[in-house]
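# Understanding the architecture of this molecule
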Amino acid sequence: SAPIVDAGRLDGVLRIRVVLQPRTSAAATRLADRMPVLSAAGLSAAMEYARLYASPYTTVDVEKLTASMAASLKRVDAGIGKVLIVKVTAKSV
C-alpha cells in the first residue's frame, strides 16, 4: 500500500499485490531470503508511482507501474525474471 497525496493532503491509497517470478530455483531461494529488502524496494517504487501518477479517480496505468516496479526490484536482485502485478486498486480514503 502507498499513499496517494495531492496538494499536501491524503487523497487515497494505492494497493498493489505483486508476484515475483524467479529466473532459477536458486534465485527463488535467494529471493525468499531477501524479501524484506525486496519489499522495501517495491514500496519505494509504489510510493514514487503514487506521487507522480496515481489518483483514486482514474484507472491505474499497470504497464507503467509494472515497469517502474520491475526496474526497482531487479536492481535489488537480478534473479527476478518477471514482476507480475496480480491486483491493483486506487481508492479514496
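Residues numbered from 1 in each chain as written. Predicted model: local features only at pLDDT ≥ 70, side-chain atom pairs only at ≥ 80, totals over all residues. Heavy atoms only, no water.

### Quick word on the sheet that holds strand 2 (residues 9-22)
Ordered in space as 1-2-3, the three strands form an open sheet in which the pairing is antiparallel. Among the strands making up the open sheet, the edge pair consists of strand 1 (2-6) and strand 3 (80-92). Recorded for the sheet is a direction-independent mean angle of 30° between the axes of neighbouring strands. Relative to strand 3, strand 2 runs antiparallel, the two being bridged by 11 bridges. Residue pairing in the sheet places Gly12 in a bridge with Ser92 of strand 3. Against the sheet, helix 2 (residues 35-52) engages strand 1, strand 2 and strand 3, with an angle of about 20° to strand 1. (Pairing = 2+ DSSP bridges. Helix = DSSP H or I, 4+ residues; strand = E, 2+ residues; numbered from the N terminus. Axes fitted to C-alpha atoms, helices over the stretch in contact; angles between N-to-C directions. Contact = heavy atoms within 4.5 Å.)

### Let's talk about the side chain of Asp11
The topology assignment puts Asp11 in strand 2. Asp11 gets classed as buried once you look at its relative accessible area, which sits at 10%. Every residue in contact with Asp11, bar those within four places of it in the chain, is listed here: Ile4, Val5, Asp6, Pro56, Tyr57, Lys91, Ser92 and Val93. (Buried < 20%, exposed > 50% of the residue type's maximum accessible area, 1.4 Å probe, protein only.)

### Some words on the environment of Asp77
Its location among the elements puts Asp77 in the loop between helix 3 (62-76) and strand 3. Each C-alpha atom, one on Asp77 and one on Pro22, is 9.7 Å from the other, the two residues being 55 residues apart in sequence. What Asp77 contacts, discounting residues up to four positions off in sequence, is Arg30, Leu31, Arg34 and Leu38. From its side chain, Asp77 meets the backbone nitrogen of Gly79 in a polar contact 2.7 Å long. (Polar contact = N/O pair within 3.5 Å; in protein donor to acceptor, adjacent residues only side chain to side chain.)

### Details of the pairing of strand 2
In regular strands, side chains alternate between the two faces of the sheet. Sheet analysis places strand 1 next to strand 2, joined by five bridges and oriented antiparallel. Within the sheet, the bridge partner assigned to Asp6 lies in strand 2 and is Arg9.

### Observations concerning the layout of surface pockets
Considering only enclosed or pocket space, the largest pocket measures out at about 230 Å³ in volume. Around the largest pocket sit 16 residues that line it, and Val18, Ser39, Gly42, Leu43 and Met69 are the ones nearest its centre. Of all the secondary-structure elements, those providing two or more residues to the lining of the largest pocket are strand 2, helix 2 and helix 3. In terms of residue class, the lining of the largest pocket is built from 11 nonpolar, three polar and two charged. Considering only enclosed or pocket space, the second largest pocket measures out at about 160 Å³ in volume. As for the second largest pocket, its lining consists of Val13, Arg15, Ile16, Arg17, Lys87, Thr89, Lys91, Ser92 and Val93. Elements with a contribution of two residues or more to the lining of the second largest pocket: strand 2 and strand 3. Broken down by class, the residue content of the lining of the second largest pocket amounts to three nonpolar, two polar and four charged. (1 Å grid on protein atoms, 1.4 Å probe; cavity = no way out; pocket = protein on both sides within 12 Å on 5 of 7 lines; lining within 4 Å. Points joined across faces, edges and corners; volume = space filled by probe spheres on them. Nonpolar A, V, L, I, M, F, W, Y, C, P; charged D, E, K, R; others polar.)

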